[in-house]
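# Structural features, examined
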Amino acid sequence: MREIEIKLKVNNLEVIENKLRENGYVFSLPLHQYDIIYSKNGSAEFQSAKEGDIILRIRRENNIIEFNLKQQKSNEMDNLEYETELKDQEAMDNILRTLGWFPEIEVKKVRRKGKLGNYEICLDQVDELGNFIEKKPDKELLRPKFPSPFSISIGLILFGIVELLISPSTDF
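Overview of the structure.

Reading the values: the criteria
Here, residues in each chain are numbered from 1, in the same order as that chain's written sequence. Thresholds applied to this predicted model are a pLDDT of at least 70 for local features of residues and 80 or more for the giving and counting of side-chain atom pairs; totals over whole chains, interfaces and linings are not thresholded and use all residues. Working from all heavy atoms in the structure, the side-chain values ignore hydrogens and water. A pair of strands is treated as paired once DSSP finds two or more bridges between them. In this text, helices come from DSSP runs of H or I with a minimum length of four residues, and strands from runs of E with a minimum of two, each type numbered from the N-terminal end. Think of it in three bands: residues with accessible area under 20% of the maximum for their type are buried, residues over 50% are exposed, and the middle band is partly exposed, with areas taken using a 1.4 Å probe on protein chains only. Arc definition: directions from the helix axis to the C-beta atoms. For the purposes of these results, a polar contact is taken to be a pair of N or O atoms within 3.5 Å, where, inside protein, one atom must be able to donate a hydrogen and its partner to accept one; residues adjacent in sequence count only when each atom of the pair is a side-chain atom. One speaks of a salt bridge when a side-chain nitrogen belonging to Lys or Arg is within 4 Å of a carboxyl oxygen belonging to Asp or Glu.

We now examine the pairing of strand E8 (residues 101-116). As defined by bridge partners, strand E3 (residues 26-27) adjoins E8 across two bridges and the pair is classed as antiparallel. Paired with Phe27 across the bridge in E8 is Gly114. Bridge count for E8 against strand E9 (residues 119-126) is eight bridges, and the pairing is antiparallel. Among the inter-strand pairings, Gly114 is bridged to a residue of E9, identified as Ile121. Count of turn residues in the E8/E9 antiparallel hairpin: two residues, of which Gly117 carries a positive phi of about 60°.

Before going further, it helps to spend a moment on helix H2 (residues 89-98). For H2, the complete set of buried residues consists of Gln89, Met92, Asp93 and Leu96. Along the axis of H2, the buried positions cluster into a sector of 100°, meaning they face one direction only. Seen from the open side of H2, the exposed residues pointing more than 90 degrees away from its buried face are Glu90 and Thr98. At the N-terminal end of H2, a side-chain oxygen is found 3.2 Å from the backbone nitrogen of Glu90, two or three residues along, and the residue is Asp88.

With respect to the secondary-structure elements, Asp124 resides in strand E9. Looking at Asp124, the relative accessible area reads 2%, which means it is buried. Within the structure, Asp124 has its side chain in polar contact with the side chain of Arg111 (distance 2.7 Å).

Summed over the entire model, instances satisfying the criterion amount to nine salt bridges. Here Glu17 makes a salt bridge to Arg21, at a shortest N to O gap of 2.7 Å. Separated by four residues within a single helix, Glu17 and Arg21 lie in helix H1 (residues 13-22), roughly one turn from each other. Classification of Glu17 as buried rests on a relative accessible area of 14%. Classification of Arg21 by relative accessible area gives partly exposed; the value is 38%. Members of the salt-bridge network, linked through shared partners, are Lys7, Lys109, Arg111, Asp124 and Glu134.

A large share of strand E2 (residues 6-10) lies buried, amounting to four of its five residues. Where E2 lies against strand E10 (residues 130-135), five bridges are found, and the strand directions are antiparallel. In the strand pairing of E10, Lys9 is matched with Phe132.

What follows is the structure in structure tokens.
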């Protein structure tokens, strides 16, 4: 499945969540996500990722474990994505290591999903990086539609969480 994401770095998730709730959004309970991102032969190719590159991830979300493969398309936020639930995280880790893939980065975040009809928006608190909004574009338009009214100053992040963890001094 092709996945395109838009991430916005924000200062105050509570203000944004309140505005969304005022407009009818309903939010999930917090989801605790812990990701282990693997690279081929332990190289940090994330900084020079190009179309066709593959990123592998094991994610634990509350008590569910998933394996995820993303193949980069036109930019870091545009990927082909495949995922499946795992029963044994340790076995998958051993398989990946045997194939030459090694843990490179760990990402810890708390996510809340907001829903209004067909719209879904995620509010993320990412350890060491801050607060983000994540929205997938509407399929028919392939561009993000953020709910209005939004009088909050936000900046577009054109790179992902992995790149920010590698280059935390990135100015945004």
